[in-house]
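Chain by chain, the residues:
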Amino acid sequence: MTQLEREFELSDREFDWIRAEVKTRTGITLSPQKRDLVYNRLVHRLRNHGFSNFREYRKLLEEDHGEELVEFTNALTTNVTAFFREPHHFEYLRSHVFPELKRQHRSDRRVRIWSAGCSSGEEPYSIAMTIAENFSDAEGFDVKILATDLDTNVLAHASAGVYTEHRLSGIDEKRLSRWFMRGKGANDGQFRVRDELRDLISFKQLNLMEEWPMRGPFDLIFCRNVIIYFDKATQRKMIDRYGDLLGPNGYLMLGHSESLSAERHEFQSLGKTMHRKVA
């Protein structure tokens, strides 16, 4: 789409301002090649306010530090997820991580997990299913999941725990029957996560570039397909912060396109984007 074909003018000045604002607020680096993405993600905000160009929208953002900045951030946050995405992580939880945590927490029986960048909830609900299938009530473990995201819209979806059938393609029929309630009548084709899983998860809005209120320690952190959007310096800072919150021998799961540099000696690579903090 050329500038002449666009409904609204997006000048170099306004585009550069948007890139800088996104970097400051979220840590996400938008390359010059993301111009069309920025335009397409924000055009509905200009229409909503009746603006004729991005200059007017920028003025609103500079003057309004409340609701519209939230909408601006939500619009430019990428949310791609699925149930049991990168399934080797969940198999490793079942075969290695959870048996180890049971031994490690034999006395206090407290296990804490963080899903950072949880999007619309598929990741923390996948973790919760794996927990419920491997920790029995009789064992008496207190297992909780913190699920956070910057985007308030996807967090609302995640907290509601309602999904259409096509979003559940990663779940086999046995799990679907066990962990979801099928909608009827006007809700036909929709499935709601059972309270047994929802009660394991606390959904919270969190900007990873700002202060983190939780103190840990966490036994396991999922931060998958998040740091890929940051520059190298921000990635290093983020991994440092995760390391500080992980308990001894805690686990860190990254996304399939992400890796830790070889000099990160505080983490042991377990292969396939899985890492363990060196005690």
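Preceding this paragraph is the structure being described.
Remember, it's a predicted structure, so these values are computed and weren't measured experimentally.

The next point concerns helix 7 (residues 152–160). For helix 7, the full list of buried residues reads Val-154, Leu-155 and Ala-158. Viewed along the axis of helix 7, the buried residues span an arc of 105°, placing them on a single side of the element. On the buried face of helix 7, the contacting elements are helix 6 (122–132), strand 2 (142–149), strand 3 (162–164) and strand 6 (201–205). Here helix 7 starts with a cap whose side-chain oxygen sits 2.8 Å from the backbone nitrogen of Asn-153, and that cap is Asp-151.

Relative orientation of the contacting elements helix 1 (residues 12–26) and helix 3 (residues 54–63) amounts to 35°, with a least axis distance of 9 Å. In the crossing of helix 1 with helix 3, the sense of the turn from one axis to the other is left-handed. Of helix 3, the residues touching helix 1 (which contributes Arg-13, Glu-14, Trp-17 and Ile-18) are Phe-54, Arg-55, Arg-58, Leu-61 and Glu-62. By residue class, the composition of the contact of helix 1 with helix 3 is four nonpolar, no polar and five charged.

To continue, consider the sheet that holds strand 10 (residues 274–277). One open sheet accounts for seven strands, arranged 6-2-1-7-8-10-9; its pairing is mixed. Edge positions in the sheet fall to strand 6 and strand 9 (267–271), since each of these pairs with one other strand and no more. When the angles between neighbouring strand axes are averaged without regard to direction, this sheet yields 20°. The pairing of strand 9 with strand 10 spans four bridges and is classified as antiparallel. Among the inter-strand pairings, Ser-269 is bridged to a residue of strand 10, identified as His-275. Along the sheet face, helix 7 touches strand 2 and strand 6 and points at about 165° away from the line of strand 6. In the packing of helix 10 (residues 232–245) onto the sheet, the strands contacted are strand 1 (110–116), strand 7 (218–223), strand 8 (246–254), strand 9 and strand 10, and the crossing angle to strand 8 comes to about 140°.

The subject of this paragraph is the sheet that holds strand 4 (residues 180–182). What holds strands together in a sheet is hydrogen bonding between their backbones, with the strands either parallel or antiparallel. The three strands are arranged 3-5-4 in an open sheet whose pairing can be described as antiparallel. Looking at strand neighbours, the two that pair on one side only are strand 3 and strand 4, the edges of this open sheet. With strand direction ignored, the average angle separating the axes of adjacent strands in the sheet is 30°. Here strand 3 pairs with strand 5 (residues 190–193) via three bridges, running antiparallel. When the sheet's bridge partners are listed, Tyr-163 is paired in strand 5 with Phe-191.

Here we take up unusual backbone geometry. Here Gly-216 and Pro-217 are connected by a cis peptide whose omega angle stands at 0°. Looking at the element boundaries, Pro-217 is found in the loop between strand 6 and strand 7. Phi at Phe-84 is positive, roughly 55°, even though this residue is not glycine. Among the structural elements, Phe-84 can be located in the loop between helix 4 (67–75) and helix 5 (87–104).

The next thing to look at is the pairing of strand 7. For strand 7, the buried fraction is high: six of the six residues fall into the buried class. Examined bridge by bridge, strand 1 and strand 7 share three bridges and lie parallel to one another. Within strand 7, the residue paired with Trp-114 across the bridge is Ile-221. Chirality of the crossover, the property in question, places the unit of strand 7, helix 10 and strand 8 among those that are right-handed.

Rules behind the numbers
- Residues numbered from 1 in each chain as written.
- Predicted model: local features only at pLDDT ≥ 70, side-chain atom pairs only at ≥ 80, totals over all residues.
- Heavy atoms only, no water.
- Buried < 20%, exposed > 50% of the residue type's maximum accessible area, 1.4 Å probe, protein only.
- Helix = DSSP H or I, 4+ residues; strand = E, 2+ residues; numbered from the N terminus.
- Arc of directions from axis to C-beta.
- Contact = heavy atoms within 4.5 Å.
- Polar contact = N/O pair within 3.5 Å; in protein donor to acceptor, adjacent residues only side chain to side chain.
- Axes fitted to C-alpha atoms, helices over the stretch in contact; angles between N-to-C directions.
- Left-handed = near helix turned anticlockwise from the far one by under 90°.
- Nonpolar A, V, L, I, M, F, W, Y, C, P; charged D, E, K, R; others polar.
- Pairing = 2+ DSSP bridges.
- Right-handed = clockwise from strand over helix to strand, strands pointing away.

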